[in-house]
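Read off the chains here:
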Amino acid sequence: MKLLAVTFLGFLLTGYQLQDQKWLAPEEADNYKNPYVGDTKATDKGRKIYMKLCWSCHGKTGKGDGPAGAALVPAPASYTDSEVQAQTDGALFWKITTGRGAMVSYENTLTEDQRWMLVNYIRALGSEK
């Protein structure tokens, strides 16, 4: 029980440290090219992935208001925000791949193609604003 409490406390402290730090992808991520730009079938596949893995934190409409995200520090990103939408596809792909804090890495969970499809769906959420 002590180990669980210490682990939880460490998780909270890490979250509070990350809250004040802007999450920036490395510059080289901007050079990653999305092979699915404009592909509506890929975007639909990205939506299905999102509804399985992402909505509980980021919300069904991508506003960062999912039920599991309510307790997270920092709060999950709102994909409808202009700051998120202004990022390159490569930066979003890098963040999905790498993860940070409560945002887990999907490098070993999703294929590269699935992660790009998810980027397409994040773009679609921004256009629905």
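From a predicted model like this one, the values you see are computed outputs, not experimental measurements.

Criteria and thresholds
- Residues numbered from 1 in each chain as written.
- Predicted model: local features only at pLDDT ≥ 70, side-chain atom pairs only at ≥ 80, totals over all residues.
- Heavy atoms only, no water.
- Helix = DSSP H or I, 4+ residues; strand = E, 2+ residues; numbered from the N terminus.
- Buried < 20%, exposed > 50% of the residue type's maximum accessible area, 1.4 Å probe, protein only.
- Contact = heavy atoms within 4.5 Å.
- 1 Å grid on protein atoms, 1.4 Å probe; cavity = no way out; pocket = protein on both sides within 12 Å on 5 of 7 lines; lining within 4 Å.
- Points joined across faces, edges and corners; volume = space filled by probe spheres on them.
- Salt bridge = Lys/Arg side-chain N within 4 Å of Asp/Glu carboxyl O.
- Phe/Tyr/Trp six-rings, centres within 6.5 Å; stacked < 30°, edge-to-face > 60°.
- Lys NZ or Arg CZ within 6 Å of the ring centre and 35° of its normal.
- Core = buried A, V, L, I, M, F, W, Y, C linked by side-chain atoms within 4.5 Å.
- Disulfide = S-S within 2.5 Å.
- Axes fitted to C-alpha atoms, helices over the stretch in contact; angles between N-to-C directions.
- Parallel < 35°, antiparallel > 145°, perpendicular 65-115°, else oblique.
- Left-handed = near helix turned anticlockwise from the far one by under 90°.

Colleague: Sorry, what's going on with the overall build of the protein here?
Modeller: Secondary structure summary: the protein contains six helices and zero strands in total. The buried share of the protein, taken over its 129 residues, is 36%. In the protein, once contacts between residues fewer than 6 apart in sequence are set aside, the share between residues at least 24 apart is 60%.

Colleague: Explanation requested: the layout of surface pockets in the structure shown.
Modeller: If a probe as big as a water molecule is rolled over the atoms, it shows which places are left empty. Considering only enclosed or pocket space, the largest pocket measures out at about 940 Å³ in volume. Taken together, 35 residues line the largest pocket, and the ones lying closest to its centre are Trp-23, Ala-75, Pro-76, Ala-77 and Lys-95. Of all the secondary-structure elements, those providing two or more residues to the lining of the largest pocket are α1 (2–19), α3 (55–58), α4 (82–85), α5 (89–98) and α6 (112–127). Examining the composition of the lining of the largest pocket, we find that four residues originate from one element, α5, more than from any other.

Colleague: I would appreciate a short explanation of the pattern of salt bridges in the present structure.
Modeller: Pairing of side chains with opposite charge becomes possible as their charged atoms draw close. One pass over the structure, following the stated rule, counts four salt bridges. For Arg-47, the salt bridge is made with Asp-44, and the minimal N-O distance between the two is 3.2 Å. One end of the pair, Arg-47, and the other, Asp-44, are both in helix α2 (residues 40–53), three residues apart, so they sit about a helical turn from each other. On the basis of relative accessible area, Arg-47 is assigned to the partly exposed category, the value being 32%. Under the relative-accessibility criterion, Asp-44 is labelled partly exposed at 32%. A salt bridge links Asp-44 to Lys-48, with the shortest nitrogen-to-oxygen separation between them at 3.5 Å. Remark: Lys-48 and Asp-44 occur in helix α2; sequence separation between them is four residues, near one turn of the helix.

Colleague: Got a minute to help me understand the packing of aromatic side chains in this structure?
Modeller: Taken as a whole and assessed by the stated rule, the structure comprises five aromatic pairs. Cluster of aromatic residues (ring-pair linked, three or more members): Tyr-32, Phe-93 and Trp-116. Over the aromatic face of Trp-55 sits the side chain of Lys-60, whose NZ or CZ is 4.9 Å from the ring centroid.

Colleague: Please clarify how the environment of Ala-68 should be interpreted in this entry.
Modeller: Tracing the sequence through the fold places Ala-68 in the loop between α3 and α4. It is 9.9 Å that separates the C-alpha atoms of Ala-68 and Cys-54, two residues lying 14 residues apart in sequence. Filtering out sequence-adjacent residues up to four positions away, Ala-68 remains in contact with Ser-56 and Cys-57.

Colleague: How should I be thinking about the nonpolar core in this particular structure?
Modeller: A general tendency of soluble globular proteins is for nonpolar side chains to be buried together. In this structure, Tyr-50, Tyr-79, Ile-96, Leu-118 and Val-119 are the most contacted members of the largest nonpolar core, which totals 20 residues. Secondary-structure elements contributing two or more residues to this core are α2, α5 and α6. In this structure, Leu-118 is in contact with Gly-46, Ile-49, Tyr-50, Cys-54, Ile-96 and Leu-110, ignoring residues within four places of it in sequence.

Colleague: Would you mind showing me how to read the state of the cysteines here?
Modeller: In protein chemistry, a disulfide is the covalent bond that joins the sulfur atoms of two cysteines. Counting across every chain of the model gives zero disulfides. Sulfur of Cys-54: no disulfide; nearest cysteine sulfur belongs to Cys-57 and is 8.6 Å away. Note on Cys-54: relative accessible area 7%, which makes it buried.

Colleague: Is there a simple way to think about the packing of α5 against α6 in this case?
Modeller: Angle between the axes and distance between the axes: these two values describe a pair of packed helices. Between α5 and α6, the shortest axis-to-axis distance is 9 Å and the interhelical angle comes to 125°. Between α5 and α6, the angle is such that the two are oblique. The element α5 and its partner α6 pack so that their crossing is right-handed. Contact residues: α5 offers Asp-89, Gly-90, Leu-92, Phe-93, Ile-96 and Thr-97, while α6 offers Glu-112, Arg-115, Trp-116, Leu-118, Val-119, Ile-122 and Arg-123.

The analysis is restricted to geometry; functional conclusions fall outside its scope.
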